[in-house]
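# Fold and contact review
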Amino acid sequence: MSFRTFTAITGSGFRRYATYRQATLAGAFTNTVFGFLRCYVLLAVADATAQGLAGGYDRAQLATFVWVGQGLLAVVLLWGWTELADRIRTGDVAADLLRPVNPVLSYLATDLGRAGHAVLTRLIPPVVTGLIFFDMYLPQRWVTGPLFVASLVLAVLACFGCRYLVNAAAYWLHDVRGPMIAWTLGSGVLAGLYFPLRFLPDWAAVALWVATPFPSLLQTPLDVVVERDPPATQAGLVALQAVWVVLLLAACGRVQRRAERKLVIQGG
């Protein structure tokens, strides 16, 4: 796929999601409401400790963690994407395979356009709401800005890879409700959405970071923006995200090639 084709598909993905104005407003409102609930719960946890810290985060860092996380939830899109699985189930995926564009790259380009639209419409409202109602932590180091942008892009790519693999299970299972439910439950807990992974024992948090891609989806960009670690550690976590992105996209390509051979063998 040429760069021009990739950018054209990305632009079409942006325009596609820009048409769902009511859904965008409803989603931003819902994320904002749940942001208040999550923020007050985590602040209560910090208040219950002797030093006012929870997992090494102070109150301002926890507020930033929650509100930026509420915005990132729609940008990385942990849940709700079943387009590939639906097209496999109905047989419409055959049209995707006939196009002179790699299906993985085509869906990836569309997803990047969606993420760009979500940054403008779903990330900003929760962050602004948090700034109005809570004392949020603002980054103090200049390097945090570029690191956060890089971490956010890598989180979108990693999450796409995970979602694509879950959807691609439909090539063999046809009904992917089981994998979808497992993904929905597991990603929310292990990605740091329900609580920061630093609340866990150190050995468990490190094991999750090294052995699974889940912390790269939300926890890493959130830790970067609240400056939970020194700059060198932040850069290392972003580098680990990049490793997971390479592995996940390579796995997507391999699974897609195996699925295409399977469909040919079946005569599909």
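Residues numbered from 1 in each chain as written. Predicted model: local features only at pLDDT ≥ 70, side-chain atom pairs only at ≥ 80, totals over all residues. Heavy atoms only, no water.

## A look at the overall build of the protein
In plain terms, the rule: In this description a helix means any DSSP run of H or I spanning at least four residues, a strand means any run of E spanning at least two, and both kinds are numbered starting from the N terminus. All radius of gyration figures rest on C-alpha atoms, and the globule criterion is 2.2 Å times the number of residues raised to 0.38. Burial here depends on accessible area, computed with a 1.4 Å probe over protein chains only, as a share of the maximum for the residue type. Under 20% is buried, over 50% is exposed, and the range in between is partly exposed. Whether two residues are in contact is decided by their heavy atoms, any of which lying within 4.5 Å being enough.
Along the protein, the regular secondary structure elements total 12 helices and zero strands. Written out in order from the N terminus, the α and β elements of the protein read α-α-α-α-α-α-α-α-α-α-α-α. The C-alpha radius of gyration computed for the protein amounts to 19 Å, which stays within 12% of the reference 18 Å derived for 268 residues, consistent with globular compactness. In the protein, buried positions account for 49% of the 268 residues. Counted over contacts in the protein with a minimum sequence separation of 6, partners at least 24 positions apart contribute 80%.

## Points about the UniProt feature "transmembrane region" (unreviewed entry) in the protein
What counts, and what does not: UniProt positions are given in the numbering used here, feature names are shortened, and annotations may be inferred rather than shown by experiment.
Annotation from UniProt places "transmembrane region" (unreviewed entry) at residues 25-50, 62-81, 115-134, 146-166, 178-196 and 234-252. For residues 146-166, helix accounts for 100% and strand for 0%, while the C-alpha atoms at its two ends are 30 Å apart. Structurally, residues 178-196 is divided into 68% helix and 0% strand, and its ends, taken at the C-alpha atoms, are 26 Å apart.

## Remarks on the side chain of Ser187
Put simply, the rule is: Two N or O atoms form a polar contact when they lie within 3.5 Å of each other; inside protein one atom must be a possible hydrogen donor and the other a possible acceptor, and for residues adjacent in sequence the pair counts only when both atoms belong to side chains.
Among the secondary structure elements, Ser187 is positioned in helix 9 (residues 177-190). With relative accessibility at 0%, the residue Ser187 sits in the buried group. A distance of 2.6 Å separates a polar atom in the side chain of Ser187 from the backbone oxygen of Trp183. Excluding residues within four positions of it along the chain, Ser187 makes contact with Leu78, Trp79 and Phe214.

## Some remarks on the packing of helix 1 (residues 3-18) against helix 6 (residues 103-133)
Between two packed helices, the angle of one axis relative to the other and the distance separating the axes together describe the packing. Applied cut-off: Comment: axis = line fitted to C-alpha atoms, over the contacting stretch for helices; angle = value between 0 and 180 degrees taken between N-to-C directions. To sort the angles, those under 35 degrees are grouped as roughly parallel, those over 145 as roughly antiparallel, those from 65 to 115 as roughly perpendicular, and the leftovers as oblique. Crossings are sorted by hand: turned counterclockwise from the far helix by less than a right angle, the near helix makes the crossing left-handed, and turned clockwise it makes it right-handed. Ten residues, namely Ala, Val, Leu, Ile, Met, Phe, Trp, Tyr, Cys and Pro, are considered nonpolar, four, namely Asp, Glu, Lys and Arg, are considered charged, and the remaining ones, Gly among them, are considered polar.
The contact between helix 1 and helix 6 brings their axes to 7 Å, and the two run at 50 degrees. Classified by the interaxial angle, the pair formed by helix 1 and helix 6 is oblique. Handedness of the helix 1/helix 6 crossing: right-handed. Contacts between helix 1 and helix 6 pair Phe6, Ile9, Thr10, Gly13, Phe14, Arg16, Tyr17 and Ala18 from the former with Leu105, Ser106, Leu108, Ala109, Thr110, Leu112, Gly113, Arg114, Gly116, His117 and Leu120 from the latter. Class assignment for the residues of the contact of helix 1 with helix 6 results in 10 nonpolar, seven polar and two charged.

## Brief notes about the packing of helix 3 (residues 59-77) against helix 7 (residues 144-168)
One way to put it is that helix 3 packs onto helix 7 with a least axis distance of 9 Å and a crossing angle of 50 degrees. The pairing of helix 3 with helix 7 is recorded here as oblique in orientation. Both helix 3 and helix 7 take part in a crossing whose hand is right-handed. For the pair formed by helix 3 and helix 7, the contact residues are Val68, Leu72, Val75, Val76 and Leu77 on the first element and Phe148, Leu152, Ala155, Val156, Cys159 and Arg163 on the second.

## Here we look at unusual backbone geometry
Positive phi, close to 60 degrees, is recorded for Leu77, a residue that is not glycine. Checked against the element boundaries, Leu77 lands in helix 3. Under the relative-accessibility criterion, Leu77 is labelled buried at 18%. Backbone geometry at Glu227 places phi at a positive 55 degrees, although glycine is not the residue there. Residue placement: Glu227 occurs in the loop between helix 11 (219-225) and helix 12 (231-266).

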